[in-house]
Amino acid sequence: RTVTRAKPQPRTRIVAMTIIQYFAALLAMGALLAYFAQRMYKIGLTLMATSPTPYGARFASGILRSFAYDEDAFFSADGASKEVAAKRRAGFHALAESFEKQFPKTLRAAETFLDGISDLRFTDTNRVPFPFQKLVREKLNVASLAVSSEGPNILDLDGNKTLDVSGSYGVNVCGYDNYKRWISEGWEKTKDLGPVLGPLHPVVGENLAMIKAVSKLDEVSFHMSGTEAIMCAVRLAAFNKRRKLVVCFAGAYHGWWDGVQPGPGNERAVTDVLPLKDMSPASLAAIKARASEIACVVVNPLQGFNPNSPPPNDLVLMTSAIRKAASNETMDHYAVWLKTLRATCTECDVPLMFDEVYTGFRMAPGGAQEYYGVNADMVVYGKTLGGGMPVGVVCGKKELMRRFDPEHPLRVSYVIGTFSALPLTMGSMNAFLKWATSPDARETYDRVGVTFDSWIKGTNVELKKEKLPITVHNLTTVWTIIFDQPGRYHWMLQYYLRAEGIALSWVGTGRLLVSLDFTEADFSNCRAALLRAAKRMRDDGWWNLGTAEKPITAASISQGMGKEMAYHTVMKTVREGLLAEILCLPEQDGPRAPVATPPETLREFYEEVMRRKHDDHKASHSNCVNQFMHLISSTIFIFNYYTIWGDCTTTMVLGLFSLFLRQSGHAIFEPPCHDEEELLLGFNTRSKCFVVAGYTLAPIITLLQLSGSVNFVQALEPVARSWLLVTLFFVLGHTGLLWMQYGFRIAMVWLGEVITHPLTHR
């Protein structure tokens, strides 16, 4: 028998669809919640791991305003006594005179170069903290010219021989005479080919084998500088991993390319660089959480010397707390950190890149990889590897070095350089690598390393014996000077060192180097010069710590610097904006500027007040009707001096009326005087009307807002009290600003002029 099934009812279908939609909505909502939870988790981890230093420094660089000390403030910036400041002044000028006598030809020749080479102008400007730069540039000229080198010594135009501890920005690992020999050998090997580019000289094959043996990686790419090589390495990692985010660590320097420079010096908005905290478990967690976004993790192994700090530089040596060196224990922990970071990157399939532009062939023949016992997925070399010639080299695993996509023929990573395998560079590199990979080189590294470690210890003993407030610290042949007491003038030591025959780079005492050709005599000369310079520095009063009654401490120095920077930043910002008109700040020069010598007697004080009133009257009070309106408003103001003690409401109402009356006289009856008024006083009737309108409307608008909830008359009294307090705040605040900038007497002149204005205004 045929059974006929009943068709589903429409209501049943609707219910079924509703249930399906309900579950679909729940699934979609759950997916969204899971997505946002994951995003919040990643954001939280990133915030905990990210170093605020680059962002804070970049933000501050756009706000902090420059200023320069005059000669008096220059020598007492830390609050030192007049006697100590005088001793410093004498020492400073004696040092300047010694430079003139010691380097006359070199200094004269260098002046020509400074006007035409922007590189030199930049380094010459940025040797010391900015408030001191003006006088230092005027008096302590630093020669930037040399004619020859002998061992670790450099000769200038005047025949002075200075012991070089700058290391030519890291290039000079082995000694200048060795590089000169390697360049000559390289030229002999490649001179027949000359500057032919495109075809490779056979010596490149030898270099390739030696570099692969040192780096323990598959492929090599040649470039013209360390910065260019970093650009290539980061681009290749991003291309081959199909990821955009680059992780670096706080304070590490990877060249001037903005793609790895999240801090000051880069004007581009950097969204694809993540500066994490060094030696932090939170950083490891952030790398794990965001592994799918990270193209590579870039490490500068030199950061083990000063983790989470930028390269030390006398430019920012405001106080001794600015510069620190890691202890031996911290450097041991850094080695463990690198091993842990290596394991994390391997686990997360994130390439680990070592920037060995500086440390390669310096920390050991195999660079930082050998020194720390950690192998990276990509390594970047530069500086010394060229054997005295400019070079950058990228080494990496084969899968990270591809510049084309085999599945997508139009997808390529365009990395190329015209002079990237210049025959002369390849020849000098070949000579260097043959030496660097020899048993003799390893013996030299070990011998000089032991000697230098002993020199560091012995020098610190001598410094302590002489009670000098400095110590020296090193990481292999890289060393720095640490200041063991508070002070604002530690940067001066670089100039005393120069006077004693030590050649420094523009970063001063922050990063110093010794080369492998240093002899016992060179080490002895370096220690003696350091001791002499430090003693002169101490004897000239730069390390004075004040008196028991007024000690110079880290706190007092920090407070003083904070006040100076805040004051000059606020004052310059205020002068350039609308607040300059509201506060009527005096100019540094011109008719509004205070007299050069503050009034000493009561009569002089009175004459200065009346001089201001005369200038004001001449500029904008020549019309008779305006003068009559001013007479009425002044009478009301005088009456307000009585009412203010007992009736705030009457004071506000009468004050606003008289202010309106006074400004109306200016605006209506004396419009032709705008230009003269602005010339004499720095502001004109239009700007004053704008300010007065805002000042008058503020309490009126407040009253209108309150009138809907409370009685209008009842609202008058609290509004009047607030209005008077605001007025008092502006008057006293402006008086305080004048006091800070010009002294107490000038501030009182202005305050006296304001108080007596209704009595003396004509």
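Predicted model only: the values in this text are computed from it and were never measured. Here the residue numbers are simple positions, counted from 1 along each chain's written sequence. Given that this is a predicted model, residues contribute local features only at a pLDDT of at least 70 and side-chain atom pairs are listed and counted only at 80 or more, while totals for whole chains, interfaces and linings are drawn from all residues. The side-chain numbers reported here are obtained from all heavy atoms of the structure, hydrogens and water having been left aside.

Some remarks on the overall build of the protein chain
- Where helices and strands are cited, they refer to DSSP runs of H or I of at least four residues and of E of at least two residues respectively, numbered from the N terminus. Broken down by element type, the protein chain carries 27 helices and 16 strands.
- Type-normalised accessible area, obtained with a 1.4 Å probe on protein chains alone, sets the label of each residue: buried when under 20%, exposed when over 50%, and partly exposed for intermediate values. The burial tally for the protein chain puts 48% of its 762 residues in the buried class.
- With an accessible surface of roughly 38,000 Å², the protein chain has 63% of that area assigned to carbon and sulfur atoms. Residue-level accessible areas treat just the shown protein chains as cover; the underlying method is Shrake-Rupley with a 1.4 Å probe.

Some remarks on helix H17 (residues 520-539)
- With 20 residues, H17 should reach 28 Å at 1.5 Å per residue; the first-to-last C-alpha distance of 29 Å fits that figure.
- Buried within H17 we find Asp522, Phe523, Cys526, Ala529, Leu530, Leu531, Ala533, Ala534 and Met537.
- The first or second residue beyond H17 is Gly541, which carries a positive phi of 90°. By definition here, a helix of n residues has an expected span of 1.5 Å times n minus one.

Focus: the pairing of strand E4 (residues 219-223)
- Taken across its 5 residues, E4 has 4 buried, putting it largely inside the fold.
- Pairing between two strands is assigned when DSSP locates at least 2 bridges connecting them. Sheet topology places E4 next to strand E10 (residues 392-396); 5 bridges connect them, and they run antiparallel. Note on E10: the bridge partner recorded for His223 is Gly392.

Some thoughts on the sheet that holds strand E16 (residues 512-513)
- Across the sheet, which stays open at both edges, the 3 strands sit in the order E13-E14-E16 with antiparallel pairing between neighbours. Looking along the sheet, the strands with just one partner apiece sit at the ends: strand E13 (470-475) and E16.

Here we look at the packing of helix H15 (residues 439-465) against H17
- The N-to-C vectors of H15 and H17 enclose an angle of 25°; their axes lie 11 Å apart at closest approach. Viewed along their axes, H15 and H17 adopt a mutual orientation that is roughly parallel. Between H15 and H17 lies a crossing whose hand is right-handed. Contacts from Thr451, Phe452, Ser454, Trp455, Gly458, Thr459, Glu462 and Leu463 of H15 reach H17 at Glu520, Phe523, Cys526, Arg527, Leu530 and Leu531.
- Considered class by class, the residues forming the contact of H15 with H17 number 7 nonpolar, 4 polar and 3 charged. Inter-axis angles, ranging from 0 to 180 degrees, are taken between N-to-C directions of lines fitted to C-alpha atoms, where helices are fitted over the stretch in contact. In these notes the angle categories are as follows: under 35 degrees is roughly parallel, over 145 is roughly antiparallel, 65 to 115 is roughly perpendicular, and the rest is oblique. Each helix crossing is assigned a hand: it is left-handed if the near helix lies turned anticlockwise from the far helix by less than a right angle, otherwise right-handed if that turn is clockwise. It only takes one pair of heavy atoms within 4.5 Å for two residues to be counted as in contact. In this classification, the charged set is Asp, Glu, Lys and Arg, the nonpolar set is Ala, Val, Leu, Ile, Met, Phe, Trp, Tyr, Cys and Pro, and all remaining amino acids, among them Gly, are polar.

Looking at the packing of aromatic side chains
- Side-chain rings of Phe, Tyr and Trp (the six-membered ring for Trp) are treated as a pair once their centres are within 6.5 Å; stacked means planes under 30 degrees apart, edge-to-face means over 60, and tilted covers the remaining angles. One pass over the full model with this rule turns up 29 aromatic pairs.
- Seen in terms of ring centroids, Tyr371 and Tyr372 are 5.1 Å apart; in terms of plane orientation they differ by 90°. Their pairing is edge-to-face.
- Tyr371 gets classed as partly exposed once you look at its relative accessible area, which sits at 39%.
- According to the relative accessible area criterion, Tyr372 is buried, its value standing at 5%.
- Pairing Phe452 with Trp479 gives two aromatic rings, centres 6.3 Å apart and planes at 70°, and the pair type is edge-to-face.

Thoughts on the side chain of Arg342
- Within the secondary structure layout, Arg342 lies in helix H12 (residues 328-348).
- Between N or O atoms, a polar contact is any pair within 3.5 Å; within protein, one atom must be a potential hydrogen donor and the other a potential acceptor, and residues adjacent in sequence are included only when both atoms are from side chains. Of note is the side chain of Arg342, whose polar atom sits 3.0 Å from the backbone oxygen of Asn375.
- Sequence-distant contacts of Arg342, that is, excluding residues within four places in its chain, are made with Val350, Leu352, Val374, Asn375, Ala376 and Asp377.

Quick notes on a nonpolar patch on the surface
- A cluster of nonpolar residues, Ile19, Tyr22, Phe23 and Leu26, forms a patch on the protein surface that exposes about 430 Å² of accessible area.
- We classify Leu26 as partly exposed; its relative accessible area is 41%. Surface patches are defined over residues having more than 30% relative accessible area and no salt bridge, joining like charges when they lie within 9 Å and nonpolar side chains (Val, Leu, Ile, Met, Phe, Trp, Tyr) when within 5 Å. Salt bridge, as applied in this entry: a Lys or Arg side-chain nitrogen positioned within 4 Å of an Asp or Glu carboxyl oxygen.

Some points on the nonpolar core
- What we call a nonpolar core is a set of buried Ala, Val, Leu, Ile, Met, Phe, Trp, Tyr and Cys residues that are connected through their side-chain atoms within 4.5 Å. One finds Val297, Leu341, Leu385 and Val393 to be the most contacted residues of the largest nonpolar core, which totals 66 residues.
- Ranked by residues supplied to this core, first place goes to H12 with 8 residues.
- Excluding residues that lie within four positions of it along the chain, Leu341 makes contacts with Phe249, Leu284, Ile287, Val297, Val299 and Leu352.
- In this structure, Phe74, Leu163, Ile456 and Ala529 belong to the second largest nonpolar core, which totals 54 residues.

Points about the sheet that holds strand E1 (residues 148-150)
- Across the sheet, which stays open at both edges, the 4 strands sit in the order E1-E2-E3-E15 with mixed pairing between neighbours. The open sheet terminates on both sides in strands that have one partner only, identified here as E1 and strand E15 (502-503).
- Pairing between strand E3 (residues 161-164) and E15: 2 bridges, direction parallel. Residue pairing in the sheet places Asp164 in a bridge with Ala503 of E15.

Here's the deal with the environment of Thr509
- Looking at the secondary structure, you find Thr509 in the loop between E15 and E16.
- C-alpha of Thr509 to C-alpha of His490: the two residues are 19 residues apart in sequence and 9.3 Å apart in space.

As for the pairing of strand E6 (residues 273-276)
- Along E6, one buried face is formed by Val273 and Pro275 and the opposite face, lined by Leu274 and Leu276, is buried too.
- The pairing of strand E5 (residues 245-249) with E6 spans 4 bridges and is classified as parallel. Note on E6: the bridge partner recorded for Val247 is Leu274.

Observations regarding helix H9 (residues 203-215)
- The first and last C-alpha atoms of H9 sit 18 Å apart over 13 residues, in line with the 18 Å expected at 1.5 Å per residue.
- Taken together, the buried positions of H9 are occupied by Val203, Val204, Asn207, Met210, Ile211, Val214 and Ser215. Viewed along the axis of H9, the buried residues span an arc of 130°, placing them on a single side of the element.
- Close packing links the buried residues of H9 with helix H8 (176-190), E4, helix H13 (367-372), strand E9 (378-382), E10 and helix H14 (423-436).
- Looking one or two residues beyond H9, the residue adopting positive phi is Lys216, at roughly 60°. This arc corresponds to the set of directions leading from the helix axis out to the C-beta atoms.

A short note on the packing of helix H11 (residues 281-289) against H12
- Contact geometry of H11 with H12 gives a least axis separation of 10 Å together with a crossing angle of 15°. Looking at the two axes, H11 sits roughly parallel to H12. Of the two elements, H11 crosses H12, and the hand of that crossing is right-handed. Where H11 abuts H12, its residues Ser283, Leu284, Ile287 and Lys288 lie against Trp337, Thr340, Leu341, Thr344, Glu347 and Cys348.

Section: the confidence of the model for the protein chain
- Of all residues in the protein chain, 80% attain a pLDDT of 70 or more, and the chain-wide mean is 82.
- Note on residues 673-683: pLDDT is under 50 here. Beyond four places in sequence and across chains, it has 29 contacts. How sure the predictor is of each residue is captured by pLDDT, a score from 0 to 100.

Describing the environment of Arg65
- Note on placement: Arg65 falls in the loop between helix H2 (53-63) and helix H3 (71-74).
- By relative accessible area, Arg65 is classed as partly exposed at 23%.
- Taking the C-alpha atoms as reference points, Arg65 and His568, 503 residues apart in sequence, are found 6.6 Å from one another.

Details of the pattern of salt bridges
- For the coordinates displayed, the defined rule picks out 27 salt bridges.
- Where Lys134 meets Glu138, a salt bridge forms, and the shortest distance between an N and an O atom there is 3.0 Å. Within this pair, Lys134 and its partner Glu138 are both found in helix H7 (residues 133-139), separated by 4 residues, close to a single helical turn.
- A residue is classified by how much of its surface remains accessible, and Lys134, at 45% relative accessible area, is partly exposed.
- Accessibility expressed as a relative area gives 44% for Glu138, which makes it partly exposed.
- Here Asp539 and Arg538 are joined by a salt bridge, their closest N and O atoms 3.4 Å apart.

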